[in-house]
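Topology and contacts: notes
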Amino acid sequence: MKIIDGGICAAKGFTANGIHCGIRKNRIKKDLALIYSEVPASAGAVYTTNLVKGAPLEVTKNNIANGVAQAVICNSGNANTCNANGIEIANKTCELLAKELGIDKTDVVVASTGVIGQQMDIKPFEDGIPSLVKGLTKDGSEYAAEGIMTTDTVKKEVAIEFEIDGKVCRMGGIAKGSGMIHPNMATMLVFITTDVNICPEMLNKALKSDITETFNMISIDGDTSTNDMVTVLANGMAGNKMITASGEDFNAFMKALNTVTVSLCKMIASDGEGATKLLECKVSGAKTLCTAKTVAKSVICSSLLKAAMFGADANWGRVLCAIGYSGADVNVNKIDVSFKSKAGIVDVCKNGSGIDFSEEVAKTVLTEKDIEILVALNDGEYSSTAWGCDLTYDYVKINGDYRT
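Residues numbered from 1 in each chain as written. Predicted model: local features only at pLDDT ≥ 70, side-chain atom pairs only at ≥ 80, totals over all residues. Heavy atoms only, no water.

Overview of the packing of helix H1 (residues 55-63) against helix H2 (residues 86-101)
Here H1 crosses H2 at 50°, and the two axes come no closer than 8 Å. Accordingly, the angle class assigned to the pair H1 and H2 is oblique. H1 and H2 meet at a crossing whose hand is right-handed. Together, Ala55, Pro56, Glu58, Val59 and Asn63 of H1 and Gly86, Ile87, Ala90, Asn91 and Cys94 of H2 make up the contact between the two elements. Classifying every residue of the contact of H1 with H2 gives six nonpolar, three polar and one charged. (Axes fitted to C-alpha atoms, helices over the stretch in contact; angles between N-to-C directions. Helix = DSSP H or I, 4+ residues; strand = E, 2+ residues; numbered from the N terminus. Parallel < 35°, antiparallel > 145°, perpendicular 65-115°, else oblique. Left-handed = near helix turned anticlockwise from the far one by under 90°. Contact = heavy atoms within 4.5 Å. Nonpolar A, V, L, I, M, F, W, Y, C, P; charged D, E, K, R; others polar.)

Next up, the structure:
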């Protein structure tokens, strides 16, 4: 398995594009993205658990109920959520795109991100879709990645190459996510493409299994968005024997999917709104997987710890505090804590109690951009990892006037 270029266009048969169609006021920012497969593809998706859901999620659920899709369209700048005509606009968007591409309107995944509750107009879609389709290109992954960005500061895309059934396969993904990220069963907006031949049932099984260890283990700010969606299209053009059951080929697919999703998780967490550091909490020695995940997520969600990491303050008591209120079944008298970065590692807690350590060394370790928070529960064999970022002054600045 190796990292390659191409993003969502790395896999055979996929093209993409991104344009400015008039949803955003800033004309230099793209606000409409398209991913297209030249053949119908198996489709899998997971969605936000927020009771307030964007209209595109409902339309997409209905469209891909048969497990098939051929295109993904997503706008940014104005989330199609809490709009009286939201369903109508989402359906009309699918119709306009389907007509331009010459496909069935139910083979379209539609998504949306941006400010919630602002009125939407179909005109930008009517004006933009023809040129969006016309500009589809094998080099279009970065354009699509730009088209789904909101407060993101960098494009998020990745692609890998691997083998299944003796065939060279590829998988790529793009994502947006910077704030309002605290998922449960879905997260942010993530679009993944692959040329692996896999049936819809096994594709959905793979995705739903993977997100419990990846996207559901990210938290930026504790807020679960209304428009979150993760979708995967698999068009089968790699030519491998169709994966219809568990086994060696399915395991290889799962490994590839996890490689892509973990990479995107780290990109999303490190680009949290106002963030200066990527935080990665690695928990080991838990009694159960549930315990490991609960502890990792609680630590990464702690606002006090996130603030301490911003200040490069080795305030390990905040790690213990977060574990203590997590509800996890742990023996606090066995817990060890360390902080690690490329500058080194510093042990700060042993058996639930403080130990002597150099504040100077700790400051050097925590001044780096990527920080690992290592928690050893010393009570079992299970482990888990969660991702997040520091909490900075700029987070408040960004969200204080996000709408205006």
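Next comes the rest of the account.
Side note on the packing of helix H5 (residues 200-211) against helix H6 (residues 248-270)
Packing of H5 against H6 brings their axes to within 10 Å, and their N-to-C directions diverge by 45°. Here H5 is positioned oblique relative to H6, judged by the angle of their axes. For the element pair H5 and H6, the recorded crossing hand is right-handed. Only Phe250, Phe253, Met254, Leu257, Asn258 and Thr261 of H6 make contact with H5, whose side of the interface consists of Met202, Leu203, Lys205, Ala206, Leu207, Ser209 and Asp210. Residue composition of the contact of H5 with H6, by class: eight nonpolar, three polar and two charged.

Some details on the pairing of strand S10 (residues 278-286)
Buried residues dominate S10, accounting for seven of its nine residues. Pairing geometry for S10 and strand S14 (residues 370-376), over seven bridges, is parallel. If you follow Lys282 over to S14, its bridge partner there is Leu374. In this structure, S10 lies alongside strand S15 (residues 382-389), joined through seven bridges in antiparallel fashion. Counterpart to Glu280 in the pairing with S15 is Trp387. (Buried < 20%, exposed > 50% of the residue type's maximum accessible area, 1.4 Å probe, protein only. Pairing = 2+ DSSP bridges.)

Section: the confidence of the model for the protein chain
Looking at the protein chain as a whole, its pLDDT mean stands at 91, while 92% of the residues score no less than 70. Across residues 221-226, confidence stays below pLDDT 50; counting only partners more than four residues off in sequence or on other chains, it has 25 contacts. (pLDDT = per-residue confidence, 0-100.)

Thoughts on empty space enclosed by the protein
A full pass over the atoms with the stated rule returns one cavity of 30 Å³ or more. Every residue lining the largest cavity is counted, 14 residues in all, and those nearest its centre are Asn75, Thr93, Val110, Ala111 and Phe125. Those elements that place two or more of their residues in the lining of the largest cavity are strand S4 (68-75), H2 and strand S5 (108-112). The class makeup of the residues in the lining of the largest cavity is ten nonpolar, four polar and no charged. (1 Å grid on protein atoms, 1.4 Å probe; cavity = no way out; pocket = protein on both sides within 12 Å on 5 of 7 lines; lining within 4 Å. Points joined across faces, edges and corners; volume = space filled by probe spheres on them.)

Some details on the state of the cysteines
By the definition in use, this model includes zero disulfides. With no disulfide of its own, Cys9 lies 15 Å from the sulfur of Cys74, the closest cysteine sulfur. You can see Cys301 has no disulfide; the closest cysteine sulfur is in Cys281, sitting 10 Å from it. (Disulfide = S-S within 2.5 Å.)

Notes on the environment of Thr93
Looking at the secondary structure, you find Thr93 in helix H2. Considering only alpha carbons, one finds Thr93 and Ala45, 48 residues apart in sequence, at a separation of 19 Å. Residue contacts for Thr93: discarding those within four places in its chain leaves Ile73, Val110, Ile122, Phe125 and Ile129.

A closer look at the pattern of salt bridges
Considering all chains together, one arrives at 15 salt bridges under this definition. Between Lys2 and Glu161 there is a salt bridge; the shortest N-O distance is 3.7 Å. Of this pair, Lys2 sits in strand S1 (residues 2-3) while Glu161 sits in strand S6 (residues 156-164), and the two are 159 residues apart along the sequence. Note on Lys2: relative accessible area 47%, which makes it partly exposed. (Salt bridge = Lys/Arg side-chain N within 4 Å of Asp/Glu carboxyl O.)

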